[in-house]
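As a plain string of letters, each chain reads:
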Amino acid sequence: MIDMKTQYAGLTLRNPLIIGSSGLTNNPERNKEFEKAGAGAIVLKSLFEEQIEMQSDVLMQESDYPEAADYIRGYVKANQIKDYLELIQKTKELCTIPVIASINCYKVDAWIEFARQIELAGADAIELNVFFMETDLTYNSDTTRDLYVNIVRKVKETVSIPVTVKISKMVGNIPALVQTLCVNGVDGVVLFNRFYQPDIDINNMQIVSGNVFSNHSDLSDTIRWTAIVAGKIPGVSIASSTGVHDWEDVVKCLLAGASAVQMCSAVYTHGGEIISQVLTCMEEWMHQAHYQSLEQFKGKLNYANIPNPAMYERSQFMKYFSNRD
Ligand SMILES: Cc1cc2nc3c(=O)[nH]c(=O)nc-3n(C[C@H](O)[C@H](O)[C@H](O)COP(=O)(O)O)c2cc1C
């Protein structure tokens, strides 16, 4: 009997497949369909701090009363939050799998009260999607670490459900950041978020949106950092995310040390059926390899468990090019 159960960030999942935060998970009935298709957990679409600020700005520009600014900001925020809490409550009414709420934030204090309400609405965990890109020439990267840590500390002080952080792969020393977050009480990390990808339209001289969806080539970084972080920080709970498109990708992330994976682009592209396909193929692979549980192979190929961990590092890249004609 094959058991796909996994522990991720203090939650017990019936299998490691999590539907990643996106428009896919913005609807309670659709979330129920993902559960029926076999998903192990769902991360709801993020509520965006920026989005609330932008909406408030538009309304304020339309208003003849500048003194109404605080009122408008408060009104927009309250309504967006009310809708979001309803999404949590309705999804929890329909689903039995863990439901993880997501907050996209870049300021410390803005979301503390909201985190409390998310917990009361019944979410099983909170994923903090910290959006921040270091672009300032005079920027000190310790500031990024402090930003992540301060948000985690404050939210952890406020709620008792597990708190995870979805990290950008554009931060500096990823293992050091994850370790600092673990020391400060984070229950799990998502490696990685994938931001809006800009492109240039050379005919219209405009910046346009690049590929919204990831592809297979995006998986390499996810595997590399999952393996390195899992190998260097024993006990860390990782959900690999970005570039996970089929069952083999899921197995690779688990071998690298992930406790779970998040899928988004593949579900947009192939629909919810991909979940059951992935689970069936994984089960077959485990059967053939004589594994009865994920624990038997999870992390088998992480940075600490392979004879040549440099395989996950840059030296191999240089060797490849130096050997090419
Ligand atoms: C259309 C779309 C909407 C998304 N919205 C969110 C979001 O609200 N919050 C979030 O944390 N990530 C969001 N993401 C990022 C995904 O959760 C995921 O991290 C990213 O797509 C990489 O995973 P993938 O390779 O499986 O697509 C979105 C992605 C897509 C394609």
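Our subject is the structure that appears above.
Residues numbered from 1 in each chain as written. Predicted model: local features only at pLDDT ≥ 70, side-chain atom pairs only at ≥ 80, totals over all residues. Heavy atoms only, no water.

**Q** Describe the overall build of the chain, and please don't skip the residues or the numbers.
**A** Broken down by element type, the chain carries eleven helices and 13 strands. Per-residue burial over the chain gives 49% buried out of 325 residues. Across the chain, the fraction of contacts at a sequence separation of at least 24, relative to all contacts at a separation of at least 6, is 68%. Accessible surface computed for the chain: about 16400 Å², of which carbon and sulfur atoms make up 52%. (Helix = DSSP H or I, 4+ residues; strand = E, 2+ residues; numbered from the N terminus. Buried < 20%, exposed > 50% of the residue type's maximum accessible area, 1.4 Å probe, protein only. Contact = heavy atoms within 4.5 Å. Areas by Shrake-Rupley, 256 points an atom, 1.4 Å probe, with all protein chains shown as cover.)

**Q** How would you summarise the site of the ligand if you had to cite specific residues and measurements?
**A** In the vicinity of the ligand there are 20 residues, among which Ser21, Ser46, Asn129, Ser214 and Ser265 approach most closely. Between the ligand and the protein, one listed contact pairs an oxygen atom with a backbone N or O atom of Ser21 at 2.6 Å. Here an oxygen atom of the ligand sits 2.8 Å away from a polar atom, N or O, in the main chain of Cys264. In isolation the ligand exposes 610 Å². Once the protein is present, 89% of that is buried. In this structure the site holding the ligand corresponds to the largest pocket. Of the residues assigned to the shell around the ligand, the class counts are seven nonpolar, ten polar and three charged. (Near = heavy atom within 4 Å. Polar contact = N/O pair within 3.5 Å; in protein donor to acceptor, adjacent residues only side chain to side chain. 1 Å grid on protein atoms, 1.4 Å probe; cavity = no way out; pocket = protein on both sides within 12 Å on 5 of 7 lines; lining within 4 Å. Sits in = over half its atoms within 2 Å of the grid points. Nonpolar A, V, L, I, M, F, W, Y, C, P; charged D, E, K, R; others polar.)

**Q** Tell me about the layout of surface pockets, and name the residues and values.
**A** Sizing a probe to match a water molecule and rolling it over the atoms shows the empty space that remains. In this structure, the largest pocket occupies an estimated 780 Å³ of space. Sorting the residues of the lining of the largest pocket by element identifies strand S9 (188-193), strand S13 (260-263) and helix H9 (265-270) as the ones contributing at least two each. If you tally residues by element for the lining of the largest pocket, the top one is H9, at three residues. The residue makeup of the lining of the largest pocket, split by class, is twelve nonpolar, 19 polar and four charged. (Points joined across faces, edges and corners; volume = space filled by probe spheres on them.)

**Q** Just give me the short version of unusual backbone geometry, but keep the residues and values in it.
**A** Residue Phe192 is reached from Leu191 by a cis peptide bond, and omega for that bond is 15°. In this structure, Phe192 sits in strand S9. For Met205, which is not a glycine, the phi torsion comes out positive at approximately 50°. Secondary-structure assignment places Met205 in the loop between strand S10 (198-201) and strand S11 (206-209).

**Q** For the packing of helix H7 (residues 219-232) against helix H8 (residues 247-256), give the residues involved together with the corresponding values.
**A** Remark: H7 packs on H8, axes separated minimally by 8 Å, with the N-to-C direction vectors making an angle of 25°. One element, H7, and the other, H8, form an angle in the roughly parallel class. Within the contact between the two elements, H7 uses Leu219, Ile223, Thr226, Ala227 and Ala230 and H8 uses Asp249, Lys252, Cys253 and Ala256. Taken together, the residues of the contact of H7 with H8 break down into six nonpolar, one polar and two charged. (Axes fitted to C-alpha atoms, helices over the stretch in contact; angles between N-to-C directions. Parallel < 35°, antiparallel > 145°, perpendicular 65-115°, else oblique.)

**Q** Explain helix H6 (residues 174-183) to me, using residue names and the numbers behind them.
**A** Every buried residue belonging to H6 is among Ile174, Pro175, Leu177, Val178 and Leu181, and all of these are buried. Mapping the buried residues of H6 onto a view down its axis gives an arc of 160°, with all of them on the same face. Of the surrounding secondary structure, the elements contacted by the buried residues of H6 are helix H5 (142-158), strand S8 (163-168), S9 and H7. Two to three positions downstream of the cap, the backbone nitrogen of Ala176 sits 3.1 Å from a side-chain oxygen, assigning the N-cap of H6 to Asn173. Downstream of H6 by one or two residues, Gly185 has phi in the positive range, about 100°. (Arc of directions from axis to C-beta.)

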